[in-house]
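Residue-level listing of the chains:
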Amino acid sequence: MGSSNLIRWGGLVVMVGSVLWALWTVGFNFVGYGEPGTPAYERYEAYNRLLPLALLPVMVGFLALHAAQRSSYGWSGRAGFVTALLGLALALAGSVGEFWLFTMQPYGEPNGRNASWAIYLLGHLVLAMGSVLFGIATVRAKVLARKAAMTFAVLGGFAIVPFFGALIFAIPFAWLGYALWSGKGERVRQPQRVS
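Along every chain, residues carry numbers that run from 1 in the direction the sequence is written. Only residues with pLDDT of at least 70 are given local features in this predicted model, and only at 80 or more are side-chain atom pairs given and counted; all residues enter the totals for whole chains, interfaces and linings. In computing side-chain values, all of the structure's heavy atoms are included and hydrogens and water are not.

1. Overview of the overall build of the protein chain
Part 1: Helix and strand definitions here come from DSSP, where helices need a minimum of 4 consecutive H or I residues and strands a minimum of 2 consecutive E residues; each element is numbered from the N-terminal end. Scanning the protein chain for helices and strands turns up 7 helices and 0 strands.
Part 2: Taken against the 2.2 N^0.38 rule, which gives 16 Å for 195 residues, the C-alpha radius of gyration of the protein chain at 18 Å falls within 12% of a compact globule.
Part 3: Dimensions of the protein chain, computed from C-alpha atoms along their principal axes, come out at roughly 60 × 30 × 25 Å.
Part 4: With a 1.4 Å probe rolled over the protein chains alone, any residue whose accessible area is under 20% of its type maximum counts as buried; one over 50% counts as exposed, and the rest are partly exposed. Burial analysis of the protein chain (195 residues in total) assigns 48% to the buried set.
Part 5: Long-range pairs, those at least 24 residues apart, make up 73% of the contacts in the protein chain with a sequence separation of at least 6.
Part 6: Accessible surface is estimated by sampling points in the Shrake-Rupley manner with a 1.4 Å probe; for residues, cover comes only from the protein chains shown. For the protein chain, the accessible surface area stands at approximately 9,500 Å², while carbon and sulfur atoms represent 69% of it.
Part 7: Think of it this way: Lys and Arg go in the positive column, Asp and Glu in the negative one, and His and the chain ends go nowhere. Taken as the charge centre is NZ of Lys, CZ of Arg, CG of Asp or CD of Glu, depending on the residue. Of the charged side chains in the protein chain, 14 are positive and 6 negative, and the gap between their average positions amounts to 29 Å. Atoms considered for the radius of gyration are the C-alpha atoms alone. The globule rule reads 2.2 Å times the number of residues to the power 0.38. Two residues form a contact once any of their heavy atoms are found within 4.5 Å.

Here it is in structure tokens:
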């Protein structure tokens, strides 16, 4: 399978990841919460353990978007890509820490659970900064559809808001994924390779 096919399939992963993250965010509002050790908390914990299943395809999606335009968007695109990926990794690590490693520790005390929550929040901040930078570089690269890239550059900053931002972030992210997946008329120009 050639790199163009991998990039194309990566577009599908982008769409799946963004939809899963948006659906997880919507469902989070209906799960409820309880103190550790209660049945309500067990539901809350089980639901939160699903978040990595949404974040991993989003990370793979960033890899595909980067691969599609890496030779066209220069240092700012690479910096945005690395920053966004770091933000996702922090959010993923914070989620795993809070709901897999330190899940029985109480809230509101200095412990691994609260450190994990702080890492999760920091991840959203870093993701938002990286997404905006990556989006601007994507617009300037002129490889993917301009409207999708501009929408991502503008709305990518909403990733800073946990439990809500993913809904807004998902729209342009899925659109960029569709641009990769469809391949029909979505590319403004092919990146030029220098021999």
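On we go.
2. A word on the nonpolar core
Note that soluble globular proteins tend to have their nonpolar side chains buried in a common cluster.
Part 1: Buried Ala, Val, Leu, Ile, Met, Phe, Trp, Tyr and Cys residues that are joined via side-chain atoms within 4.5 Å together make up what is termed a nonpolar core. Ranked by internal contacts, the top residues of the largest apolar core, which has 44 residues, are W21, F62, L65, L88, F169 and F173.
Part 2: Only α1 (3–31), α2 (39–48), α3 (51–69), α4 (74–101), α5 (112–141), α6 (146–155) and α7 (165–182) provide two or more residues apiece to this core.
Part 3: Examining the composition of this core, we find that 9 residues originate from one element, α3, more than from any other.
Part 4: The contacts of L88, once residues within four sequence positions are left out, are W21, L55, V58, M59, F62 and L127.

3. Considering the pattern of salt bridges
Part 1: Salt bridge criterion: a side-chain nitrogen from Lys or Arg within 4 Å of a carboxyl oxygen from Asp or Glu. Within the structure shown, the criterion is met by 2 salt bridges.
Part 2: For R49, the salt bridge is made with E45, and the minimal N-O distance between the two is 3.3 Å.
Part 3: Under the relative-accessibility criterion, R49 is labelled partly exposed at 26%.
Part 4: Overall, the relative accessible area of 12% leaves E45 in the buried class.
Part 5: Between E98 and R113 there is a salt bridge; the shortest N-O distance is 3.9 Å. With E98 in helix α4 and R113 in helix α5, this residue pair connects regions lying 15 residues apart in the sequence. For the pair E98 and R113, a shared accessibility class is recorded, and that class is buried.

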